[in-house]
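Listed below are the residues making up each chain.
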Amino acid sequence: MGKTILITGANRGIGLELTREFSAHGWRVLACCRDPQVAGELKNLAERLPEALRIFPLEVTDSARIQELSAVLADEAIDILLNNAGVSGPERQDFGAIDTDAWLRTFRINSIAPLDMAAAFVEQVARSRRKIIATVGSQLGSLTENTEGGMYAYRSSKAAAHMVTKNLAIDLHDRGIIAVALHPGWVRTRMGGPEAPVMPRQSAAELFQVLTSLTLKDSGKLWAHTGQVLPW
Ligand SMILES: NC(=O)c1ccc[n+]([C@@H]2O[C@H](COP(=O)([O-])OP(=O)(O)OC[C@H]3O[C@@H](n4cnc5c(N)ncnc54)[C@H](OP(=O)(O)O)[C@@H]3O)[C@@H](O)[C@H]2O)c1
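Residues numbered from 1 in each chain as written. Predicted model: local features only at pLDDT ≥ 70, side-chain atom pairs only at ≥ 80, totals over all residues.

(A) How the structure looks around the overall build of the protein. Scanning the protein from N- to C-terminus turns up six helices and eight strands. Overall, the protein is about 50 × 40 × 35 Å in size when its C-alpha atoms are taken along their principal axes. Counting over 232 residues, the protein shows a buried share of 44%. Considering only intrachain contacts with a sequence separation of at least 6, the fraction spanning at least 24 residues in the protein is 68%. (Helix = DSSP H or I, 4+ residues; strand = E, 2+ residues; numbered from the N terminus. Buried ≥ 20, exposed ≤ 12 C-beta atoms within 10 Å, placed from the backbone. Contact = placed C-beta atoms within 7 Å.)

Written out as structure tokens, the structure reads:
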């Protein structure tokens, strides 16, 4: 049986590399991005892999569009639903200097959209063989690992995404669904910046290993790209 992954934010950064990685391993990829028109690299990849890679427009804060896409893909079995799309939030987000509207928008994208996606695609995931809902969280969203403070919007939105994941792991356990959060490393993307030590390709290759090794006992945890479990 074919293996299928749906990835949000697949046009650049870690999402694009995950799309490359999974298709290179023979997976079918349902690649979602806000604006396929300008997703040059993703479109080139899809031209080379017409059978394996399909592109769908998806702004993850648009719940109506999420529902519409779920209806279009109603007959699919989705082995991995991968909530990758994310933002770092407002430029200034230190104590006493945060734009609360921008913080709310950060929450909408990083914490609420993953749950919206999980609710919309749960049937497609439940009928697949692997049954995985994965959300790219972050070590910066770990309460235990927070020793530096700051980054209020990003840290809190990723901590909330982690809590959503933990809840999904509990609520969907009896359907055999695995829910995990992922830390991809500090990765050299537009978000991670030029100083980041991990290249997107390496992160994607390591996340592939993590995602394809998961079993139900691994659900409800924050997995680093290295294969380590990080504390919440
Ligand atoms: N890079 C790191 O060091 C690092 C570390 C820990 C966690 N992460 C997480 O890893 C994930 C990917 O990050 P990245 O480093 O690849 O960042 P990136 O290069 O900035 O890419 C972010 C992706 O998310 C998409 N996106 C943002 N808002 C969206 C929305 N409202 N609807 C749909 N798509 C949206 C972007 O699409 P557009 O092109 O349309 O903007 C882009 O495809 C994020 O969740 C991030 O928080 C990254």
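Right, picking up where we left off after that structure.
(B) Fine view of the environment of Leu140. Positionally, Leu140 belongs in the loop between β5 (132-136) and α5 (152-171). With 85 residues separating them along the chain, Leu140 and Ile55 place their C-alpha atoms 30 Å apart. Sequence-distant contacts of Leu140, defined by excluding residues within four places in its chain, comprise Met151, Tyr154, Arg155 and Lys158.

(C) Main features of the sheet that holds strand β6 (residues 178-183). Pairing in this open sheet of eight strands is mixed, and the strands run β3-β2-β1-β4-β5-β6-β7-β8 from one edge to the other. What marks the edges here is a single partner per strand, and that holds for β3 (53-57) and β8 (229-230). With two bridges joining them, strand β7 (residues 222-224) and β8 adopt antiparallel strand pairing. Bridge assignment links Trp223 to a residue of β8, and that residue is Val229. Across the sheet, helix α2 (residues 40-48) lies against β2 (28-33) and β3, angled at about 145 degrees from β3, the strand it touches most. (Pairing = 2+ DSSP bridges. Axes fitted to C-alpha atoms, helices over the stretch in contact; angles between N-to-C directions.)

(D) Quick look at the site of the ligand. Taken together, 29 residues lie around the ligand, and Gly9, Gly13, Gly86, Thr189 and Gly192 are the ones closest in. The class makeup of the residues in the shell around the ligand is twelve nonpolar, twelve polar and five charged. (Near = placed C-beta within 6 Å. Nonpolar A, V, L, I, M, F, W, Y, C, P; charged D, E, K, R; others polar.)

(E) Region of the structure containing the pairing of β6. Of all six residues in β6, six are buried; the element is thus mostly enclosed. Side-chain alternation along β6 places Ile178, Val180 and Leu182 on one buried face and Ala179, Ala181 and His183 on a second face that is also buried. Here β5 pairs with β6 via five bridges, running parallel. Following the sheet pairing, Thr135 is matched in β6 by Ala181. The pairing of β6 with β7 spans three bridges and is parallel.

(F) Region of interest: the packing of helix α4 (residues 100-126) against α5. Between α4 and α5, the least distance of the axes is 9 Å, while the angle of their chain directions is 15 degrees. Considering their axes alone, α4 and α5 lie roughly parallel with respect to each other. As α4 packs across α5, the resulting crossing turns out to be right-handed. Across the interface between the two elements, Ala102, Trp103, Thr106, Phe107, Asn110, Ser111, Pro114, Leu115 and Ala118 of α4 pack against Ala153, Tyr154, Ser157, Lys158, Ala160, Ala161, Val164 and Leu168 of α5. Of the residues contributing to the contact of α4 with α5, the split by class is twelve nonpolar, four polar and one charged. (Parallel < 35°, antiparallel > 145°, perpendicular 65-115°, else oblique. Left-handed = near helix turned anticlockwise from the far one by under 90°.)

(G) Examining the pairing of β3 more closely. Across five bridges, the pairing between β2 and β3 is parallel. Looking at the pairing, Ala31 lines up with Ile55 of β3. Read as a crossover between parallel neighbours, the route from β2 over α2 to β3 is right-handed. (Right-handed = clockwise from strand over helix to strand, strands pointing away.)

Without other data, these values stay purely geometric and don't point to any function.
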